[in-house]
Each structure stands twice: as C-alpha cells, then as structure tokens.
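Below are the chains, spelled out letter by letter.
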Amino acid sequence: MLIVSEENCRKVVTRENAFSAVEGVFAAMAGGEAYNFPVIREAIGHADALYGFKSGFDRAGGVLGLKSGGYWPGNEKRGLTNHQSTVFLFDPDTGRPHAMVGGNHLTAMRTAAASAVSIRYLAREDAKVLGMIGAGFQSTFQMRAAAAQRRFEKVVGWNLHPQMLSRLAETAAELGLPFEAVSLDRLGAEADVIITITSSFEPILTRRQVKPGTHLACMGTDTKGKQEVDAALVAAATLFTDEVAQAVSIGECQHAVAEGLIGESRITPIGAVINGTQPGRTRDDEITLFDGTGVGLQDLAVAALAADLAGKRGMADEVSL
Ligand code: NAD
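This one's a predicted model, so the numbers in the text were calculated from it and none came from an experiment.

About the thresholds
- Here the residue index of a chain counts from 1 through its sequence in written order.
- A pLDDT threshold of at least 70 governs which residues receive local features in this predicted model, and a stricter bar of 80 or more applies before side-chain atom pairs are shown or counted, although totals over entire chains, interfaces and linings include all residues.
- To obtain the side-chain values, all non-hydrogen atoms of the structure were included, while hydrogens and water were left out.
- In these notes, residues near a molecule or strand are those with any non-hydrogen atom within 4 Å of it.
- Here a polar contact is recorded for every N or O atom pair within 3.5 Å, except that within protein the pair must consist of a potential hydrogen donor and a potential acceptor, and residues adjacent in sequence are included only if both atoms are side-chain atoms.
- Throughout, the Shrake-Rupley method with a 1.4 Å probe supplies accessible areas, and for residues the shown protein chains are the sole cover considered.
- Only DSSP runs of H or I covering at least 4 residues are called helices, and only runs of E covering at least 2 are called strands; the numbering of each starts at the N terminus.
- Each residue gets one label: Ala, Val, Leu, Ile, Met, Phe, Trp, Tyr, Cys and Pro are nonpolar, Asp, Glu, Lys and Arg are charged, and the others, such as Gly, are polar.
- The term nonpolar core refers to a set of buried residues drawn from Ala, Val, Leu, Ile, Met, Phe, Trp, Tyr and Cys, joined through side-chain atoms within 4.5 Å.
- Accessible area is worked out with a 1.4 Å probe on protein chains only. A residue is then buried under 20% of its type maximum, exposed over 50%, and partly exposed in between.
- Here the bounds of each domain stem from an automatic or database domain assignment.
- Here, two residues are considered to be in contact whenever any of their heavy atoms come within 4.5 Å of each other.
- Here a pair means two rings of Phe, Tyr or Trp (six-membered ring of Trp) with centres within 6.5 Å. Their orientation is stacked below 30 degrees between planes, edge-to-face above 60, and tilted elsewhere.

**Concerning the site of the ligand**
Here comes step 1: Taken together, the neighbourhood of the ligand is formed by 23 residues, with Arg-110, Phe-137, Asn-159, His-161 and Lys-226 sitting nearest.
Here comes step 2: A distance of 3.1 Å is found between an oxygen atom of the ligand and a backbone nitrogen or oxygen belonging to Thr-198.
Here comes step 3: At 3.1 Å, a backbone N or O of Gly-220 approaches an oxygen atom of the ligand.
Here comes step 4: Relative to its unbound accessible area of 860 Å², the ligand is 82% covered by the protein chains.
Here comes step 5: Counting residues per element, the ones that place at least two in the shell around the ligand are helix 3 (104-122) and helix 4 (137-147).
Here comes step 6: Residue composition of the shell around the ligand, grouped by class: seven nonpolar, 13 polar and three charged.

Here you go:
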C-alpha cells in the first residue's frame with residue numbers, strides 16, 4: 001500500500017491535473033459510470049467534532065475508496081487545520097488497500113477545480129470581472145483556479161469579516177489582477193462570475209443584486225441549513241450541480257426546493273454538459289448557477305491522481321499490510 005503525505009500531494013497535484021481529474025469524474029457520474037454512496041456525518045460528542053465518510057466507486061477510472069474526516073474546531077489552537085481528512089483507496093478487483101493519501105490540500109484543490117469546471121463550461125466567454133464572496137481558507141484556491149478560466153481583468157471582493165479581505169487582495173496581486181473590496185450591490189453589478197465560499201447560514205447575495213449574464217459558483221453550502229444566496233436568485237437561474245441528490249438536500253438549492261420554487265428537474269448535472277448530452281449556457285443574458293456541494297468521487301479522483309504520480313516519482317512510502 002502506498003502512503004502519500006500532505007507535502008507530496010502539494011508537489012504532485014497541480015491546478016491543471018486536478019481540473020482534468022474532476023472534469024473526468026463529473027463526466028463519468030453523468031454517464032452512469034461512477035456513483036457516490038450515501039454520506040455519513042456525525043457530531044461525535046467529543047472535542048466538538050463533526051466526523052464522517054464520503055465514498056464512491058468510479059468504474060470508468062477504476063477508483064474505489066472513501067474520504068474520512070471532518071471538522072475539529074479546537075485544532076487551530078494546537079497549530080493544526082480545523083478541517084482534517086484522509087483518503088483511502090482500494091483495488092476494485094480485490095478489495096486490497098491501494099493507498100492512503102493526505103486529504104487536506106486535496107480537498108481545497110478538488111473544490112476549486114469544481115468551480116473552475118463550472119466557469120469553463122458555463123460562464124460567458126467575455127467575462128472580465130471576478131467577484132469573490134468569502135475570504136477563508138478555500139478562497140485563495142478558488143480565485144487561482146477561476147483566474148485560469150477566463151481573461152479576467154479585475155477581482156472584486158466582499159466578506160462578512162472585512163479584516164480577512166487582505167487574503168483576497170494578496171492572491172489577486174499574485175495573479176497580477178487589481179483587487180477592490182466592494183459592497184454587495186457593487187459586487188453584483190460589476191462581476192461577470194461570482195464565487196461564494198463562506199460558511200453562512202443566511203442569504204448573502206440576493207436576486208436584485210445580480211446582473212443578467214452572470215455565472216455563479218456557489219461553493220460554501222455543503223450542509224443542511226447553510227445558505228449563501230437567496231432562494232429567488234436560485235429560482236431565477238439556470239441550475240447546474242455536481243450531484244442533484246446533494247444539491248436538493250445539502251446544497252444551495254435546498255432552500256428553493258423547500259420553498260416550492262424549483263423541483264429537481266430544473267437542475268442539470270454539470271457532467272451532462274461536459275459530455276455534451278445537455279446544453280450549458282444558451283443565452284448571453286442568462287444567469288447560470290453551479291451548486292457545488294462536494295462529492296466523495298471528487299476526493300477519490302484527486303487522491304488517485306496523487307497516488308499514481310507520487311508512486312511513479314518515488315514520492316510515496318510503501319508498506320505491506
Ligand atoms: P473558513 O472557516 O476558512 O472561512 C469561512 C468564511 O466564511 C470566511 O470568509 C468567513 O468570513 C465567512 N463566514 C463565517 N461565518 C459567516 C456567516 N455567518 N455569514 C457569512 N460569512 C461567514 O472556511 P473555508 O475552509 O474557507 O470554507 C468555506 C466554506 O466552504 C465552508 O462552509 C465549508 O464547509 C465549505 N466547503 C465546501 C466544499 C465543497 O465541496 N462545496 C469544500 C470545502 C469547504
């Protein structure tokens with residue numbers, strides 16, 4: 001069995017190869033070649049932790065496994081990341097363990113790759129202004145991955161905690177893009193692509209603030225009760241997701257469904273757009289919204305990539321069980 005450390009994951013998984021891995025697995029899901037198993041997530045009654053598993057099987061890629069981990073709010077005080085995860089891969093032919101891969105860096109890479117895939121397939125080609133709502137750990141990965149998809153000329157950002165906005169400014173500078181902290185009204189009026197990546201439980205952005213033609217990648221809502229945009233905005237948009245079952249239960253679409261504004265049939269798996277079996281954006285003035293809920297198969301896809309590359313480059317430890 002191979003063991004791939006967080007450090008070696010950082011070295012072998014790039015924005016480009018993570019993008020291809022996630023694009024490929026979304027396509028396999030929509031083609032019925034890959035499926036996710038039900039998610040387990042539990043408050044364990046210890047250290048205030050939430051712990052669970054995300055798992056699945058990608059027949060097309062020959063990838064079987066699970067990501068296990070969760071959220072330990074006290075970790076920061078110990079100098080550790082609050083979100084902790086590890087991916088275990090198994091040989092689908094024998095069930096033997098194939099690899100154990102650090103999942104923290106990979107989670108950020110695969111989440112950023114998902115919104116980047118949505119931008120590639122759904123945003124207007126002439127998108128110039130990128131809007132960022134959220135300035136936490138994930139936000140820099142999101143901005144870097146998005147910037148590679150269109151010829152953006154500027155980044156505008158908003159965050160509930162303005163002291164965190166320097167993180168967005170620094171990332172934009174690194175990408176050679178001007179950055180401006182703006183109100184939500186200005187962000188909606190200026191941005192052609194908007195990424196939301198917060199842990200909000202109330203709508204931040206509303207229907208009236210978003211201009212026609214915008215593409216939104218709503219990435220923060222991955223749990224029941226979380227919400228980043230109002231249900232009216234979801235209802236007004238052409239909707240896409242990684243997995244419809246998750247979008248309506250734990251994703252951004254959950255609220256519009258609960259309010260009876262939309263049904264499941266309004267939501268297209270992004271993989272169907274990648275495969276060319278469903279249209280993506282059909283009009284320049286259409287608002288498109290990708291509800292990125294985060295599926296286990298994304299984790300497995302990037303972990304399999306890390307195991308493969310680290311194994312080939314002598315960057316994995318090998319143990320026999
Ligand atoms: P973080 O804790 O580093 O940052 C949280 C962000 O949310 C900050 O910008 C903070 O200012 C903002 N925020 C906190 N409370 C808020 C509130 N009540 N209202 C509005 N904004 C608030 O978190 P992170 O690691 O950057 O993750 C951000 C979100 O993305 C989380 O909700 C996380 O669960 C989610 N996430 C989703 C996926 C996916 O696949 N969809 C993957 C990883 C993380």
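**Details of the nonpolar core**
Here comes step 1: Judged by nonpolar contacts, the single largest core of 68 residues is most densely connected at Phe-26, Val-101, Leu-130 and Ile-195.
Here comes step 2: Three or more residues apiece are contributed to this core by two domains, here domain 1 (2-107 + 297-318) and domain 2 (123-294).
Here comes step 3: Ignoring any residue separated from it by four or fewer positions in sequence, one finds Val-101 in contact with Val-4, Cys-9, Thr-86, Val-87, Leu-106, Ala-303, Ala-306 and Ala-307.
Here comes step 4: Counting 29 residues, the second-largest nonpolar core is a separate cluster that includes Val-156, Ile-204, Val-210 and Cys-218.

**Concerning the packing of aromatic side chains**
Here comes step 1: Within this structure, the stated rule accounts for five aromatic pairs.
Here comes step 2: Centre to centre, the rings of Tyr-51 and Phe-53 are 5.6 Å apart; their planes meet at 70 degrees, and the pair counts as edge-to-face.
Here comes step 3: What makes Tyr-51 partly exposed here is its relative accessible area of 29%.
Here comes step 4: Judged by its relative accessible area of 34%, Phe-53 is partly exposed.
Here comes step 5: Both rings, one in Phe-137 and one in Phe-141, keep their centres 5.4 Å apart while their planes meet at 50 degrees; by these two values the pair is tilted. With Phe-137 and Phe-141 both in helix 4 and four residues apart, the pair spans about one turn of that helix.
Here comes step 6: Owing to a relative accessible area of 13%, Phe-141 belongs among the buried residues under this scheme.
Here comes step 7: Three or more aromatic residues link up through ring pairs in this structure, and these residues are Tyr-51, Phe-53 and Trp-72.

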